[in-house]
Amino acid sequence: MARRKAKPEPVVWWRRFTLLQRWLAGGAAGLVVAIGLAFVLWPDPAPEPSREREYLQFTACLLTPQDGVRDAAAEPIWTAMQDASQQTKAKMQYLEITGAQTVENAVTFLNSLAQGGCDLIFAAGDLPVRAVAQGAKAFPAKRFVTVGGATAANVSAVDAVTPHDEVVRLITDAVAGRPN
């Protein structure tokens, strides 16, 4: 009778380690799994609130003297335009007359606003008002508003002393499509 050889016991690689080494290896593996799960399951941070404003397809522009919106005549108009923008979501922009402070030069800046997509153009200050008086007739479809100036077919005027409420009303009416 032939003796059968006993089946050799499989060698398990982890048995080579001491008990402390097995505990450390198991703890490290558990830590890797825990970090991986935390990374995968961690909630996404809340999206940051949008700081951009959605504007209407309406732009009101302000033609100012060389000092821009810091000019004494332009500052109250610009403030009123910003208040109107908050109420109506219409876009507001300004353009200051740079270079030679002549009516001819100012008319070129006025033309830029009229051809650049401004729906309603304000002029504050002596030079911008004179530029509107000379250049508005070239753009009969555009609406112009002067501060303390004369009126014409497409030019209206607001009071130079207390223009705020009137400017806000003009912009609000223009956005709503109401004639002034």
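Residues numbered from 1 in each chain as written. Predicted model: local features only at pLDDT ≥ 70, side-chain atom pairs only at ≥ 80, totals over all residues. Heavy atoms only, no water.

*Asks:* Whenever I open this one, the overall build of the protein chain confuses me. Can you help?
*Replies:* Scanning the protein chain from N- to C-terminus turns up five helices and five strands. In terms of overall dimensions, the protein chain has C-alpha extents of about 130 × 35 × 30 Å along its principal axes. Per-residue burial for the protein chain yields a buried fraction of 33% across its 180 residues. Here the analysis covers contacts within the protein chain between residues at least 6 apart in sequence; of these, 61% occur between residues at least 24 apart. Total accessible area on the protein chain stands at roughly 12200 Å², and carbon and sulfur atoms take up 59% of it. In the protein chain, 18 side chains carry a positive charge and 17 a negative one; their mean positions are 29 Å apart. (Helix = DSSP H or I, 4+ residues; strand = E, 2+ residues; numbered from the N terminus. Buried < 20%, exposed > 50% of the residue type's maximum accessible area, 1.4 Å probe, protein only. Contact = heavy atoms within 4.5 Å. Areas by Shrake-Rupley, 256 points an atom, 1.4 Å probe, with all protein chains shown as cover. Lys, Arg positive; Asp, Glu negative; His and termini not counted. Charge placed at Lys NZ, Arg CZ, Asp CG, Glu CD.)

*Asks:* What's the story with the state of the cysteines in this structure? I'm lost.
*Replies:* Put plainly, two cysteines are in a disulfide when a covalent bond ties their sulfur atoms together. Applying the stated criterion across every chain yields a total of one disulfide. Between the sulfur of C61 and that of C118 lies a disulfide, 1.8 Å long from S to S. Between C61 and C118, the S-S dihedral sits near -80 degrees, and the bridge is therefore left-handed. Remark: C118 occurs in the loop between α3 (103–115) and β3 (120–123) and C61 occurs in strand β1 (residues 59–64); sequence separation between them is 57 residues. Here the two residues C61 and C118 agree in accessibility, since each one is buried. (Disulfide = S-S within 2.5 Å.)

*Asks:* Just to check I follow, could you spell out the sheet that holds strand β5 (residues 155–158) for this structure?
*Replies:* Strand-to-strand pairing in sheets goes through backbone hydrogen bonds, with the strands running parallel or antiparallel. Taking strand neighbours across the sheet as the criterion, the five strands line up as β2-β1-β3-β4-β5 in an open arrangement whose pairing is parallel. Edge positions in the sheet fall to β2 (91–96) and β5, since each has one partner strand and no second. Averaged over all pairs of adjacent strands, the angle between strand axes in this sheet comes to 25 degrees, irrespective of strand direction. Judged from the four bridges that link them, strand β4 (residues 143–147) and β5 form a sheet pairing that is parallel. Within β5, the residue paired with F144 across the bridge is V155. Helix-sheet contacts for helix α5 (residues 164–176) involve β1, β2, β3, β4 and β5, and the interaxial angle to β3 is about 165 degrees. (Pairing = 2+ DSSP bridges. Axes fitted to C-alpha atoms, helices over the stretch in contact; angles between N-to-C directions.)

*Asks:* Where do I start with the pattern of salt bridges in this structure?
*Replies:* On inspection of all chains with the given rule, the structure shows two salt bridges. R130 is the partner of D126 in a salt bridge, and the nearest nitrogen-oxygen pair spans 3.2 Å. Of this pair, D126 and R130 are both found in helix α4 (residues 126–135), four residues apart, which corresponds to roughly one turn of the helix. Residue D126 is classed as exposed on the basis of its relative accessible area of 56%. (Salt bridge = Lys/Arg side-chain N within 4 Å of Asp/Glu carboxyl O.)

*Asks:* Is there a simple way to think about the packing of aromatic side chains in this case?
*Replies:* Where two aromatic rings form a pair, the distance of their centres and the angle of their planes describe that pair. Within the structure shown, the criterion is met by one aromatic pair. Seen from their ring centres, W78 and Y94 are 5.0 Å apart, and the 75 degrees between their planes marks the pair as edge-to-face. Placement of W78 in helix α2 (residues 75–88) and of Y94 in strand β2 is noted, with a sequence separation of 16 residues between them. (Phe/Tyr/Trp six-rings, centres within 6.5 Å; stacked < 30°, edge-to-face > 60°.)

Honestly, it's all geometry; don't read function into it.
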